[in-house]
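Listed below are the residues making up each chain.
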Amino acid sequence: MKPSNTFSRIGFVLATAGSAVGLGNVIRFPFVMGENGGGAFFLIYMISILIMGASVMLSEMLIGYKGQAGPASSFETLATKGNKFWKNIGWGISSFSNVIFSYYVILLAWIVAYVWLSATGGLPHDADHAESIFAVVRGDMTSTFLFGGIIFTLSFYVVAKGITNGIEKLNLVLMPAILLIFMGMLLYSFTLDGFDEALIFMFHVDFSKITVHIVIAAIGMSFFTLSLGTGIVLSYSASLPKGVNLVRSIGYIIVLDTSIAIVSGLMIFSFVFTYGGDPSAGFGLVFITLSTVFASMGVWGEVLGVAFFVALLFAGITSSVSMIEPMLKTVHRRFHISRGKAALYLAMPTALLSSAVVLSLGGYLGEGSLLDQLDYILSNVMLPFGAMMTTIFVGWFMHKSTVEGAVNNNLGHFFGLWYVIVKYIAPIALILVMFGLIGMI
Ligand code: PHE
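Residues numbered from 1 in each chain as written. Predicted model: local features only at pLDDT ≥ 70, side-chain atom pairs only at ≥ 80, totals over all residues. Heavy atoms only, no water.

Asker: Mind laying out the site of the ligand, listing which residues take part and the relevant values?
Answerer: Around the ligand, 14 residues are found, and the nearest of them are Ala20, Gly24, Tyr104, Phe224 and Ser227. Between the ligand and Gly24, the relevant distance is 2.8 Å, taken from an oxygen atom to a main-chain nitrogen or oxygen of the residue. Between a nitrogen atom of the ligand and a side-chain N or O atom of Ser227, the distance comes to 3.0 Å. Alone, the ligand offers 320 Å² of accessible surface; in the complex the protein occludes 100% of this. Of all elements in the fold, only α1 (9-20), α2 (23-35), α5 (83-119) and α10 (212-225) reach the threshold of two or more residues within the shell around the ligand. If you tally residues by element for the shell around the ligand, the top one is α2, at three residues. (Near = heavy atom within 4 Å. Polar contact = N/O pair within 3.5 Å; in protein donor to acceptor, adjacent residues only side chain to side chain. Areas by Shrake-Rupley, 256 points an atom, 1.4 Å probe, with all protein chains shown as cover. Helix = DSSP H or I, 4+ residues; strand = E, 2+ residues; numbered from the N terminus.)

Following this line, the structure appears as structure tokens:
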């Protein structure tokens, strides 16, 4: 019997992979790869996931596993010095998750709109029409409030229900569904003429294309896709039963996350190379290019469209739920209030921020979109910062014996190497990536 409100092993892997697999894998990964020349980007992305991503993930897991609490309390109790400072860093990192949630939920509202459009035959037939539909969906405040509100409430409800009855249960249903739909779509893309070209685009590495810019983009993407630097992995790990092999869990999570990214890439590029379109079309790659492709395929396209957008929605929901947990766990434990109450208190400021994002999309909050600005700051500054602080903490502010005790048996001879990465290499690399992402390198 597992203690109540603790993950089962499989539940933990699926929930953490559920957080990792999200809009980043399906929308962002293909277009960032498209913009950065395909195979060369993919190679560096993989190396970065295996070396840096896995190392930072292990650091986060270890803090949660040993601290047995959300980021603020885990940092505070485990720090060998500067406990107050680290507690505040913990609060800060947890709040990053709520900021992502506030705009992620709006992207999910658009996806609900696209599920609706696919099901009712409303997808656009040509590129111009597609652009105008996308603009309408983005600017339609009523449907964004409605669909976004539903997802918002649902996500908070699931997290309020707790780990076992909420987060784990949701992931045990949605993750297999996502995997099934994606496998089906991959099989379909095998039959398309553009499949071979997609394979070459993704896996042929042209070393001359590797530039500093591509390296930075690939490392940045590898952190975003694994949901690192925001206390999510840390908070989930605080609800692990004793005796879990952290390293093996990371292996499974990375395999799941990477498989979905590869399948999304192959699928989207097969469609693009078969039916035409620009692989470096940004967010429009999915909402404009792909939706036009579905529309041109008749009834079959409607089925594929619904399946694709539903899988995307599920992937997004398993991520959005994870973004609520760090702050909720912290408030619930530190102030001794129920998860339900903590959810209510946290939902209010988050809803305000989300509403501001919707108003800005509707043109009511001055120039520029708040959504793009938040996304920019988050993925380019906050996530690398959070990841960097996590590694500095494990390398410099935790007893080496505590660290060793938690992972040594799993890492064996690799412990020394991992420790060097966490202590020296990752913090330096992350600060460089942060400067690189904001254009200072
Ligand atoms: N990993 C999620 C995705 O790929 C995004 C995310 C980033 C979620 C950071 C939580 C924290 O969509």
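Asker: Which residues make up helix α6 (residues 127-139), and what values do they have?
Answerer: Counting along an α-helix, one turn takes 3.6 residues, and residues three or four places apart therefore face a common direction. In this model, α6 (13 residues) spans 18 Å end to end at C-alpha, consistent with the 18 Å of a helix rising 1.5 Å per residue. The inward-facing, buried residues of α6 contact α5, α7 (141-160) and α13 (284-295). Of the residues that open α6, the one with a side-chain oxygen 3.2 Å from the backbone nitrogen of Asp128 is Asp126. (Expected span 1.5 Å × (residues − 1). Contact = heavy atoms within 4.5 Å.)

Asker: Describe in detail the layout of surface pockets, supporting the description with residues and values.
Answerer: Taken as a whole, the largest pocket spans an internal volume of roughly 440 Å³. If you trace the largest pocket, you find 20 residues lining it, with Arg28, Val32, Ala217, Asn380 and Leu437 closest to the centre. Sorting the residues of the lining of the largest pocket by element identifies α2, α10, α16 (370-396) and α18 (415-437) as the ones contributing at least two each. In terms of residue count, the dominant contributor to the lining of the largest pocket is α10 (six residues). Of the residues assigned to the lining of the largest pocket, the class counts are 10 nonpolar, six polar and four charged. Taken as a whole, the second largest pocket spans an internal volume of roughly 320 Å³. Taken together, the elements giving at least two residues each to the lining of the second largest pocket come down to α3 (39-67), α12 (246-275) and α18. By residue number, the principal contributor to the lining of the second largest pocket is α3, which donates five residues. (1 Å grid on protein atoms, 1.4 Å probe; cavity = no way out; pocket = protein on both sides within 12 Å on 5 of 7 lines; lining within 4 Å. Points joined across faces, edges and corners; volume = space filled by probe spheres on them. Nonpolar A, V, L, I, M, F, W, Y, C, P; charged D, E, K, R; others polar.)

Asker: Help me get a handle on the side chain of Thr225, residues and values and all.
Answerer: Along the chain, Thr225 falls in helix α10. Since its relative accessible area comes to 1%, Thr225 is described here as buried. Here the side chain of Thr225 touches Asp257 through a polar contact of 2.9 Å, side chain to side chain. Setting aside residues no more than four positions away along its own chain, Thr225 makes contact with Ala20, Asn25, Tyr45, Ile49 and Asp257. (Buried < 20%, exposed > 50% of the residue type's maximum accessible area, 1.4 Å probe, protein only.)

In short, the description is geometric, and any link to function would need to be established separately.
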